[in-house]
Amino acid sequence: MIRLSTGEWEAGEGYEPIPVTVLCGYLGSGKTTVLNHILQQRGGMRVAVIVNDMSEVNIDAKLIQSGSALSRTDEKLIELSNGCICCTLRDDLLQEVNRLTAEGRFDAIVIESTGVGEPIPIAQTFTYQDDNLKINLSERCRLDTMVTVVDAYRFWHDFSSGDSLLARQQAVGHEDERDVVDLLIDQIEFCDVLLLNKCDMVQMEELDQLEQLMRKLQPRARIIRTVQGQVDVKDIVHTHLFNFEAASSSLGWMKELQREEHVPETEEYGIGSMVFRSRHPFHPERLSMLFEEWPEAIIRAKGILWIASRNDIAASISQAGASIRFGPAGYWMAALPDEERQSYLDAEPDLAASWDSRWGDRLTELVCIGIDFDREEMKKRLADCVLREDEVELDWSCFHDPLPSWDQALDQVEIQEIGADIR
């Protein structure tokens, strides 16, 4: 039961939070086609729709209105323009969902994100109270399904383009330095359902390989092949699939790191992975040279690096296609003052058990996922970048370090791109 007489909302006994489905996917992947299909095949379900488009004229909204008969009494269409719901329009999204749930007449809400929107910030909108707006969406609705639509026909073109969103005039403001490939990976790695769309335009063998790669990047997601966005509504609406913790911890690279010992799997369609671990640091100059010669066959790499010339701070690496992002991940616990370090160790017994008597928590853990790449050769190349025994006893601060610099004040650091063309 929902009380609306005074403009306030109250959930009565037996109230079922309204399920919310979010459609993500790069520009042109077919999100609007999927949305139209949902509305046409919804049966008697009353659906509220929120669309988010970056242009002043919200073309998506017009397509939805012309492609399906939206009843003014049963359904509602909300347009959010000139911004992105994962950042600049987040408050607008909060208020619109809050208002729709208060009306108490919808069975589901479907949100179509802009093609350059990142899924995690959108999901976070539904998980905690906004103190400024005094809105807690988790009391009224539940995030039911995060859906990512992938254009099977153009995926490899966009993935390997090396283009930035700014170069394609798709950026959210002039300070948006994201690459297209980074956005594609973000959308694939955080979803419950992945719709591999436009399958009629791709050869079966290429489609099988692409699906296998999607499973490697996000093993938890349900992958559904579609043509013209035609998917069974029950597969993406009211599924009860979303779980923030599960979605955040089910990334393919994270699953690989969680294994105590990486056992090479039987490769399907040439897709394989490897994990490199080392308790000795990288020589910065040799590591920089490897970055400049990064193998084209590696599709995705992610991890934490220990670099000798930056002994107090862990480095992070995130590579997708032609883009390698490199920056600080935070201080090693071993570099903290004794009292602060001990308090962490007391609180985390697992970390204390793996503590190295000489190096503490310093180590390198790196996952590489690729197609037809020589895993043993890649391990050898990484091992060659690690300090040799005779170098371990030298003064590490004297090593030549051509890697991109970062400010020691970690909160002021912008992750930088290196290896501009590694295709």
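Reading guide: rules and limits
Residues numbered from 1 in each chain as written. Predicted model: local features only at pLDDT ≥ 70, side-chain atom pairs only at ≥ 80, totals over all residues. Heavy atoms only, no water. Core = buried A, V, L, I, M, F, W, Y, C linked by side-chain atoms within 4.5 Å. Buried < 20%, exposed > 50% of the residue type's maximum accessible area, 1.4 Å probe, protein only. Helix = DSSP H or I, 4+ residues; strand = E, 2+ residues; numbered from the N terminus. pLDDT = per-residue confidence, 0-100. Contact = heavy atoms within 4.5 Å. Pairing = 2+ DSSP bridges. Polar contact = N/O pair within 3.5 Å; in protein donor to acceptor, adjacent residues only side chain to side chain. Phe/Tyr/Trp six-rings, centres within 6.5 Å; stacked < 30°, edge-to-face > 60°.

*Asks:* Give me the nonpolar core: which residues, what numbers.
*Replies:* Proteins that are soluble and globular tend to have nonpolar side chains buried together. Within the largest apolar cluster, 33 residues are counted, with the highest numbers of intra-cluster contacts made by F155, L194, L196, L213 and M214. Elements that contribute at least two residues to this core include exactly α5 (155–159), α6 (180–189), β6 (193–197), α7 (204–217), β8 (271–278) and β12 (364–371). Of all the elements, α6 adds the most residues to this core, at six residues.

*Asks:* Mind laying out the confidence of the model for the protein chain, listing which residues take part and the relevant values?
*Replies:* Predicted coordinates in areas of low pLDDT are best not read in detail. The predicted model of the protein chain averages 81 in pLDDT, with 78% of residues at 70 or higher. Summarising per-element confidence for the protein chain, the mean pLDDT is lowest in strand β13 (residues 416–418) (42) and highest in β6 (97). Segment residues 1–12: pLDDT under 50, and 21 contacts once partners within four positions in sequence are set aside and those in other chains are kept.

*Asks:* Residue-level account of the pairing of strand β4 (residues 108–112), with values.
*Replies:* Buried residues dominate β4, accounting for five of its five residues. The alternating pattern of β4 places A108, V110 and E112 and I109 and I111 on opposite faces, both of which are buried. Direction of pairing for strand β1 (residues 18–24) relative to β4: parallel, over a ladder of four bridges. By the bridge assignment for β4, V20 is matched with I109.

*Asks:* Before we move on, could you go through unusual backbone geometry and cite the residues and values that matter?
*Replies:* Peptide bonds are mostly trans, and most non-glycine residues show a negative phi. Of note, Q169 is a non-glycine position whose phi angle comes to about 55 degrees, a positive value. Exposure remark for Q169: the relative accessible area of 75% places this residue in the exposed category. Of note, the phi angle at K198 is positive, near 65 degrees, even though the residue is not glycine. Counting through the fold element by element, K198 comes out in the loop between β6 and α7. Its relative accessible area of 21% is what places K198 among the partly exposed residues.

*Asks:* An account of the side chain of Q319 is requested, with residue identities and associated values reported.
*Replies:* Position of Q319 relative to the elements: it lies in strand β10 (residues 313–320). Within the structure, Q319 has its side chain in polar contact with the side chain of W294 (distance 3.2 Å).

*Asks:* Please provide a residue-by-residue account of the packing of aromatic side chains, values included.
*Replies:* Taken as a whole and judged by the stated rule, the model has ten aromatic pairs. Ring geometry for F155 and W156: centres 5.1 Å apart, planes at 75 degrees, overall edge-to-face. For F155, a relative accessible area of 2% corresponds to the buried category. On the basis of relative accessibility, which here comes to 22%, the residue W156 falls in the partly exposed class. Both rings, one in W306 and one in W396, keep their centres 6.0 Å apart while their planes meet at 65 degrees; by these two values the pair is edge-to-face. On the criterion of sequence distance, the pair formed by W306 in the loop between β9 (298–305) and β10 and W396 in the loop between α14 (389–392) and β13 is long-range, its members being 90 residues apart. Residue classification places W306 among the buried residues on the basis of a relative accessible area of 0%. Within the aromatic cluster, the residues linked to one another by ring pairs are F155, W156 and F159.

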